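Topology and contacts: notes
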Amino acid sequence: LMSGPLFLGMSGVVTTLFGFIWVRSKRAPWEGYQLHPATIAFILIFIGAMIVLQLISFFLEVYGTTSMGPPIANTAHIVGIIVGALLGRFDIFAFHKATAR
């Protein structure tokens, strides 16, 4: 759905992993996933700012005023954290001591 020369990077993967680890740490704390509270705050503020920036840019482009889209893959960040959080809710990714080698 998204493409272009500015849609490349690992930050979308980082936000996906963050979403996954954040949800797994809440659903199954015994699995050992840990995030420092400052990391959680930073990422959530960053994602919130990206959502606001993306919405402003979208509405400015829709109404033809201007195109202020920054050269940042905001969609990768936003979708990344959502997909990571959804995957973290599935127990199929759970760590079981019986299967660990």
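You'll find the structure just up there.
In this report, the structure presented in the accompanying data block is examined. As the structure is a prediction and not an experimental result, all values here were calculated from the model.

Let us look at the overall build of the protein chain. A count of helices and strands for the protein chain gives three helices and zero strands. The helix and strand sequence of the protein chain, counted from the amino end, reads α-α-α. Per-residue burial over the protein chain gives 24% buried out of 101 residues. For the protein chain, restricting intrachain contacts to residue pairs at least 6 apart in sequence, the fraction spanning at least 24 positions comes to 67%. Accessible surface, the protein chain as shown: approximately 7,300 Å² in total, 72% of it carbon and sulfur.

A word on the nonpolar core. In terms of nonpolar packing, the biggest core is built from five residues, these being F18, I40, I43, I47 and I81. When residues in this core are grouped by element, the largest group, three residues, is from helix 2 (residues 37-62). If we skip the residues at most four places from it in the chain, I81 touches T15, T16, F18, G19, I43, L44 and I47.

Once that is clear, we can look at helix 3 (residues 74-88). Between the first and last C-alpha of helix 3 there are 21 Å, a value that for 15 residues agrees with the 21 Å anticipated at 1.5 Å per step. Where helix 3 is buried, its residues meet helix 1 (11-27) and helix 2.

This paragraph deals with the packing of aromatic side chains. Scanning the entire structure with this criterion turns up four aromatic pairs. A ring pair is formed by F18 and W22, whose centres lie 5.7 Å apart and whose planes are at 20 degrees; its orientation type is stacked. With F18 and W22 both in helix 1 and four residues apart, this pair spans about one turn of that helix. The exposure class of F18 is buried, given its relative accessible area of 5%. Looking at W22, the relative accessible area reads 26%, which means it is partly exposed. Centroid distance F42 to F46: 6.4 Å. Interplanar angle 15 degrees. Geometry classified as stacked. With a gap of four residues between them, F42 and F46 both fall in helix 2, about one helical turn apart.

Attention now moves to the pattern of salt bridges. Taken as a whole, this structure holds one salt bridge when the rule is applied. Two residues, E31 and R24, come together in a salt bridge whose shortest N-O distance is 2.7 Å. With respect to class, E31 is no different from R24; both count as buried.

Parameters at a glance
- Residues numbered from 1 in each chain as written.
- Predicted model: local features only at pLDDT ≥ 70, side-chain atom pairs only at ≥ 80, totals over all residues.
- Heavy atoms only, no water.
- Helix = DSSP H or I, 4+ residues; strand = E, 2+ residues; numbered from the N terminus.
- Buried < 20%, exposed > 50% of the residue type's maximum accessible area, 1.4 Å probe, protein only.
- Contact = heavy atoms within 4.5 Å.
- Areas by Shrake-Rupley, 256 points an atom, 1.4 Å probe, with all protein chains shown as cover.
- Core = buried A, V, L, I, M, F, W, Y, C linked by side-chain atoms within 4.5 Å.
- Expected span 1.5 Å × (residues − 1).
- Phe/Tyr/Trp six-rings, centres within 6.5 Å; stacked < 30°, edge-to-face > 60°.
- Salt bridge = Lys/Arg side-chain N within 4 Å of Asp/Glu carboxyl O.

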